Amino acid sequence: MDFFRTIPLKAFGAYPIVRIVDVPAVVHNYELFRQKVSKTNTICAAVLKGNVHGARMELIGPALYETGCRHFFIEEVCEGIELRKILPFHDAKIYAMAGLLEGEELYFSRYHITPCLNCIEQIKRWNVHCKTAGRQSAVIHLDTHMNRIGLLDEEVDQLSSQYGELTSYFDVELYMSHFYDIKGDNPVHCYEQLKVLQGYLAKLPKHPVSFACTDSTILLDNSTFNFDMVRIGIGLVGGAPNRDHPVDSSAKGAIEIYTKISQIKSVKKGQTVGYGGSYTAKRDIKIALAHIGYKDGYLRSLSETDSTHVGAYMWIGGYPAWIVGKISLGMTTIDVTDIPEKVLQKYHYAEVTGPNMDIKKLADISGCYELLASLGRQNIKVADYTMEELNSLT
């Protein structure tokens, strides 16, 4: 990738980090998934939990609603309340996947949020609440042996035998489940989960089903796994199972992060860099400080040490700047030896993720999208812009 984005100094201002959200890119990515699942006549829902990995609900919610999305998933009811303020429309359906935690019934009703009920106890409490508050809807989450969240075998049997009693005062809108092993080349566990789900569904009254998310929509047979609704999360911002399997070649990264660099210095061969002397220079090198660290979401697992080769890097004006040493609380040391002096003089910043360090590649290196969830958090060090706002400064 030859393109290196120009970030004017005034965009940074007093902040060492610039974060850019490309809202049209999110809409584009959503449309790619919607077109794909339309072939199975499947609803394409959007998962906006975690503030859309830093893309911000207040930007993405209205943009997706405008393009026709009407089903939105978040984690806890508190996120749903914020999203309901953003999307006050009666046809915008909001589902809270964390379930009905103790004492939350009135909030679900007041803000018209649908709980994803994850155990018999939650089903009973929702039923009691709806008896007095009026008939409402719910999703029932079935745990297809991920052994995490949802009803397992015994509770599914109990629901099946007492379905009329347990759901007498609310409507079941759909059943949902979730894959636990989808990123590899062997989908055997996905088919095992499908078999478990089919066994559950055979015991229960018929309702729509949601099983697939970003990775499964990309990797698995859509006619088998899509069912009635897919839930697209990381795919909205350009994520995928891995860098080799985007939903489409035109999918776009929607979040870019840049950090100021400073203090270029020489390190002799054999000298060490950073805490614990964990990285030893294999040659005479030049290093620079990138002003982003693990408190800013740049995970310590990306550290490059003598004992652990990770291969993470940032990007400066057409050249990689490899991570060396342990990532610190608020800064990271990068190797700029092979970057021409004129490039280092021209640019005062490095790309952390963007056109040259694709988020899929960074997630492959770090192991998962924990990195983007971390980098996407609110941070006093970060100047936030939409792409439109940034372009207005240049």
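Scroll up to find the structure this text is about.
These lines cover the structure that appears in this document, whether it is placed above or below. (Residues numbered from 1 in each chain as written. Predicted model: local features only at pLDDT ≥ 70, side-chain atom pairs only at ≥ 80, totals over all residues. Heavy atoms only, no water.)

Digging into the environment of Ala 45
- Relative to the helices and strands, Ala 45 resides in strand E2 (residues 43–47).
- Taking relative accessible area as the criterion, Ala 45 reaches 0% and is therefore assigned buried.
- Sequence separation between Ala 45 and Asn 29 is 16 residues; the distance between their C-alpha atoms is 13 Å.
- Excluding its chain neighbours within four sequence positions, the residues that come into contact with Ala 45 are His 71, Phe 73, Met 229, Val 230, Arg 231 and Ile 232. (Helix = DSSP H or I, 4+ residues; strand = E, 2+ residues; numbered from the N terminus. Buried < 20%, exposed > 50% of the residue type's maximum accessible area, 1.4 Å probe, protein only. Contact = heavy atoms within 4.5 Å.)

Re the sheet that holds strand E8 (residues 209–213)
- The strand order around the closed barrel formed by eight strands is E2-E3-E4-E5-E6-E7-E8-E9, and the pairing between neighbours is parallel. Neighbour to neighbour, the strand axes of the sheet diverge by 30° on average, direction disregarded.
- Of the pairings in the sheet, the one linking strand E4 (residues 93–96) to strand E5 (residues 113–117) comprises three bridges and is parallel in character. Residue pairing in the sheet places Ala 96 in a bridge with Pro 115 of E5. (Pairing = 2+ DSSP bridges. Axes fitted to C-alpha atoms, helices over the stretch in contact; angles between N-to-C directions.)

Topic: unusual backbone geometry
- In this structure, His 53 takes a positive phi of about 55° despite not being glycine.
- If you trace the backbone, His 53 turns up in helix H3 (residues 49–53).
- Take His 53: its relative accessible area is 17%, and that puts it in the buried class.
- In this structure, Gln 263 takes a positive phi of about 55° despite not being glycine.
- Mapped onto the elements of the fold, Gln 263 is located in strand E10 (residues 255–267).
- Gln 263 gets classed as partly exposed once you look at its relative accessible area, which sits at 45%.

Focus on the nonpolar core
- With 118 residues, the main nonpolar core has Leu 48, Leu 64, Phe 72, Tyr 298, Ile 316 and Ile 334 as its most contacted residues.
- Here this core gets eight residues from one element, more than from any other, and that element is helix H2 (residues 23–38).
- When near neighbours in sequence (up to four residues on either side) are disregarded, Tyr 298 contacts Ile 292, Gly 293, Tyr 313, Met 314, Ile 323, Ile 327, Thr 332, Val 352, Leu 371 and Leu 375.
- Among the nonpolar cores identified, the runner-up in size contains 10 residues, and Val 47, Cys 116, Met 176 and Met 229 belong to it. (Core = buried A, V, L, I, M, F, W, Y, C linked by side-chain atoms within 4.5 Å.)

Examining the pattern of salt bridges
- Within this structure, the stated rule accounts for 19 salt bridges.
- Ionic pairing is found between Lys 295 and Asp 296, a salt bridge with its closest N-O pair at 3.5 Å.
- Ionic pairing is found between Asp 296 and Lys 381, a salt bridge with its closest N-O pair at 2.7 Å. Taken together, the residues Asp 296 in the loop between strand E13 (285–290) and strand E14 (313–316) and Lys 381 in the loop between helix H15 (370–375) and strand E18 (382–386) connect sequence positions 85 residues apart.
- By relative accessible area, which is 4% here, Asp 296 ends up buried.
- When salt bridges with common partners are traced through the structure, they connect Glu 102, Glu 105, Glu 121 and Arg 125 into a single cluster. (Salt bridge = Lys/Arg side-chain N within 4 Å of Asp/Glu carboxyl O.)

Here we look at the side chain of Arg 5
- With respect to the helices, strands and loops of the structure, Arg 5 is situated in the segment before helix H1 (9–12).
- A residue is classified by how much of its surface remains accessible, and Arg 5, at 14% relative accessible area, is buried.
- There is a polar contact of 2.7 Å between the side chain of Arg 5 and the side chain of Glu 256.
- Not counting the four nearest positions on each side in its chain, Arg 5 is found in contact with Ile 20, Glu 256, Tyr 258, Tyr 349, Met 387 and Leu 390. (Polar contact = N/O pair within 3.5 Å; in protein donor to acceptor, adjacent residues only side chain to side chain.)

Regarding the packing of H2 against helix H4 (residues 57–66)
- Packing of H2 against H4 leaves a shortest axis separation of 10 Å and a crossing angle of 45°. By the angle between their axes, H2 is oblique relative to H4. Seen from above, H2 lies across H4 with right-handed handedness. Judged by residue contacts, Val 23, Val 26, Val 27 and Tyr 30 of H2 engage Leu 59, Ile 60, Ala 63 and Leu 64 from H4. (Parallel < 35°, antiparallel > 145°, perpendicular 65-115°, else oblique. Left-handed = near helix turned anticlockwise from the far one by under 90°.)

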